[in-house]
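What follows is the residue order along each chain.
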Amino acid sequence: MRQNPRPSRRSLLAAGAVCALTLGASALLPAANAMAATGCAVTYTTNSWSGGFTASVTVKNLGDPISNWTLGFTFPHSGQRVVQGWSATYDQSGSAVTARSLSYNGSLATGASTNIGFNGSWTTSNPNPTSFTLNGTVCTGSTTPTTAPPTTPPTTPPTTPPTTPPVTTPPPGGQTPVAINGKLRVCGNNLCNQYGKPIQLRGMSSHGFHWFPQCYKDQALDAIATDWNSDLFRISMYVQEEGYETDPAGFTARVNELVEKTTARGMYALVDFHTLTPGDPMYNLERAKTFFAAVSARHANKDNVIYEITNEPNGVSWSTIKNYAEQVIPIIRANDPDAVVVVGTRAWSSLGVSEGGNSTEVVNNPVNASNVMYAFHFYAASHKDNYRAELERAAARLPMFVTEFGTVAYTGDGAADLASSTQWLDLLDRLKISYANWTFSDKAETSAALRPGTCNGTQFTGTSVLTESGNFMRNRIRTPDNFPTS
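Residues numbered from 1 in each chain as written. Predicted model: local features only at pLDDT ≥ 70, side-chain atom pairs only at ≥ 80, totals over all residues. Heavy atoms only, no water.

**Considerations on helix H10 (residues 418-431)**
Structurally, the α-helix is built with 3.6 residues per turn, so residues lying three or four positions apart point the same way.
No. 1: The end-to-end C-alpha separation of H10 is 20 Å, in line with the 20 Å expected for 14 residues at 1.5 Å each.
No. 2: Along H10, the residues classified as buried are Ser-420, Ser-421, Trp-424, Leu-425, Leu-427 and Leu-428. The arc that holds the buried residues of H10, viewed along the axis, is 155 degrees, so those residues lie on one side. Facing away from the buried side of H10, by more than 90 degrees, are the exposed residues Ala-419 and Arg-430.
No. 3: The opening residue of H10 is Asp-417, an N-cap whose side-chain oxygen sits 3.4 Å from the backbone nitrogen of Ala-419.
No. 4: Immediately beyond the C-terminal end of H10, within one or two residues, lies Lys-432, with a positive phi of roughly 55 degrees. (Helix = DSSP H or I, 4+ residues; strand = E, 2+ residues; numbered from the N terminus. Expected span 1.5 Å × (residues − 1). Buried < 20%, exposed > 50% of the residue type's maximum accessible area, 1.4 Å probe, protein only. Arc of directions from axis to C-beta. Polar contact = N/O pair within 3.5 Å; in protein donor to acceptor, adjacent residues only side chain to side chain.)

Written out as structure tokens, the structure is:
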């Protein structure tokens, strides 16, 4: 986070029913402010737990192009309700539900698809609608699931947990963070594991891997996982500054490779779409859609991938950031409906503090999606009591994730302020806010964890290769985790 950015610093287990419907038109009826559809195909997927379920609905237009759409369906029981929805606005009368498109997904060309979803209450053995309508056209088809809904809750509800968490036998000790915690989700204002328990992940961020590729060889990742006992590794992919925009396919392949290597070591992979200059995330909207479509498709079946969709927005309003998020998140959801997504906040992800704002704007106008967290960045020598106070204030109302911080000044350099860093980490520990430290690299700046030249070799364990900041962070991260399982 920098008020004067300088490029040199950092230039749920799906248990439920799946049904696919190919639906043909049986009538042409007018719809307000939209053309009638002449055919549609719907894929309706549910992930259920005791008392509730999440539905993912993919709608494909088989007819003429339409602008603005209304999807209607009816639950089999009048007691079922849409509790929370995303990627559409929802109205319900009795058992009848109407979902209306948003500004970014209203236009559907012939053959085009869009994805929406919702959390619903569970009151029958089969919560699946028996028919859908698209812009007044009645579409008929079977909704028989390929797998019957569970009679007991799965160990990992994909979104809001049950009132009473499922009872599951705790895993044996000595397992990796992912083996213990499984698929993560947001519950209330916390990041929770497969047992519905709030947890804190602690780990390191890469620098731009295109500048320091030698720092992320196998020996380095082994050290992060086993010597540092890190829970996560943040994979920072710069978009500008000689990054993704210069070679989208090559950078995507490198991210995928690092996700695979992180997965093999039992850590969570935080995929960082590292935008900084320009500060308007909308500048990279189409790049983000392309990138996250590819990466989420590749890793949709993994339990350990978290998506950070814009690193440090700056010079723009929260409404602009929210608009960007609500266009990118559906791209991820189409492949990975349960993934945790982290959204950057205003003013270099300071919740607006570095531009004179605060978290109230996010609290009053949150992103319209589930399993979303909000990013906060700080540099301990520059950002102190007023930043700490705002983060604590926000954490009482929003799920927060410190996806980047440094022990030094916001330039990434200067003396390490270990007193302020200790205050920050004590606060994060107390609030169970997950974090990634900037950076696991050997760049010649004081925020780097490794001494210059370290990455040219193969020795990454122990303290002899560490800077003052690196030694401090290793001591904090490698202490035992608190991962409750019951």
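And the narrative resumes.
**Focus on unusual backbone geometry**
No. 1: Here the amide bond leading from Thr-277 into Pro-278 is cis, since omega sits at 5 degrees, within 30 degrees of zero.
No. 2: Following Trp-438, the chain continues into Thr-439 via a peptide bond in cis, with omega recorded as 0 degrees.
No. 3: Of note in the backbone geometry, Asn-229 takes a positive phi value of approximately 55 degrees without being a glycine.
No. 4: Phi at Ser-349 is positive, roughly 55 degrees, even though this residue is not glycine.
No. 5: Classification of Ser-349 as buried rests on a relative accessible area of 0%.

**Some points on the pairing of strand S8 (residues 96-100)**
No. 1: In S8, alternate side chains face the same way, and those of Val-97 and Ala-99 are buried while those of Ala-96, Thr-98 and Arg-100 on the opposite face are not.
No. 2: Judged from the 5 bridges that link them, strand S5 (residues 70-74) and S8 form a sheet pairing that is antiparallel. Pairing of Thr-74 across the sheet is with Ala-96, part of S8.
No. 3: The pairing of strand S7 (residues 89-93) with S8 spans 5 bridges and is classified as antiparallel. Across the sheet, Gln-92 pairs through a bridge with Val-97, a residue of S8. (Pairing = 2+ DSSP bridges.)

**Points about the pattern of salt bridges**
No. 1: Using the criterion set out here, one finds 26 salt bridges in the structure.
No. 2: Taking the shortest distance from any N to any O, the salt bridge between Glu-245 and Arg-287 comes out at 3.5 Å. Highlighted residues: Glu-245 in the loop between strand S16 (232-238) and helix H4 (248-264) and Arg-287 in helix H5 (residues 285-299), separated in sequence by 42 residues.
No. 3: Overall, Glu-245 belongs to the partly exposed group, its relative accessible area being 34%.
No. 4: The salt bridge involving Glu-361 is made with Arg-346; its shortest N-O contact spans 2.8 Å. Taken together, the residues span a long stretch of sequence, with Glu-361 in helix H8 (residues 360-364) and Arg-346 in helix H7 (residues 346-349) at a distance of 15 residues.
No. 5: Several salt bridges converge on common partners, so that one network encompasses Asp-218, Asp-222, Lys-261 and Arg-265. (Salt bridge = Lys/Arg side-chain N within 4 Å of Asp/Glu carboxyl O.)

**Things to note about the state of the cysteines**
No. 1: Scanning the model with the defined rule gives 2 disulfides in all.
No. 2: Disulfide pairing is shown between Cys-187 and Cys-192; the S-S distance is 1.7 Å. Torsion about the S-S bond of the Cys-187 and Cys-192 cystine: about -40 degrees, corresponding to left-handed handedness. Side by side, Cys-187 and Cys-192 carry an identical accessibility label, which is buried.
No. 3: Between the sulfur atoms of Cys-215 and its disulfide partner Cys-455 the distance amounts to 2.1 Å. Torsion about the S-S bond of the Cys-215 and Cys-455 cystine: about 105 degrees, corresponding to right-handed handedness. One end of the pair, Cys-215, is in the loop between strand S15 (202-206) and helix H3 (218-227); the other, Cys-455, is in the loop between strand S22 (435-440) and helix H11 (468-477), and 240 residues separate them in sequence. Exposure class is identical for Cys-215 and Cys-455. Each is buried.
No. 4: Here the chain pairs its bonded cysteines, counted in sequence order, in the arrangement 1-2, 3-4. (Disulfide = S-S within 2.5 Å.)

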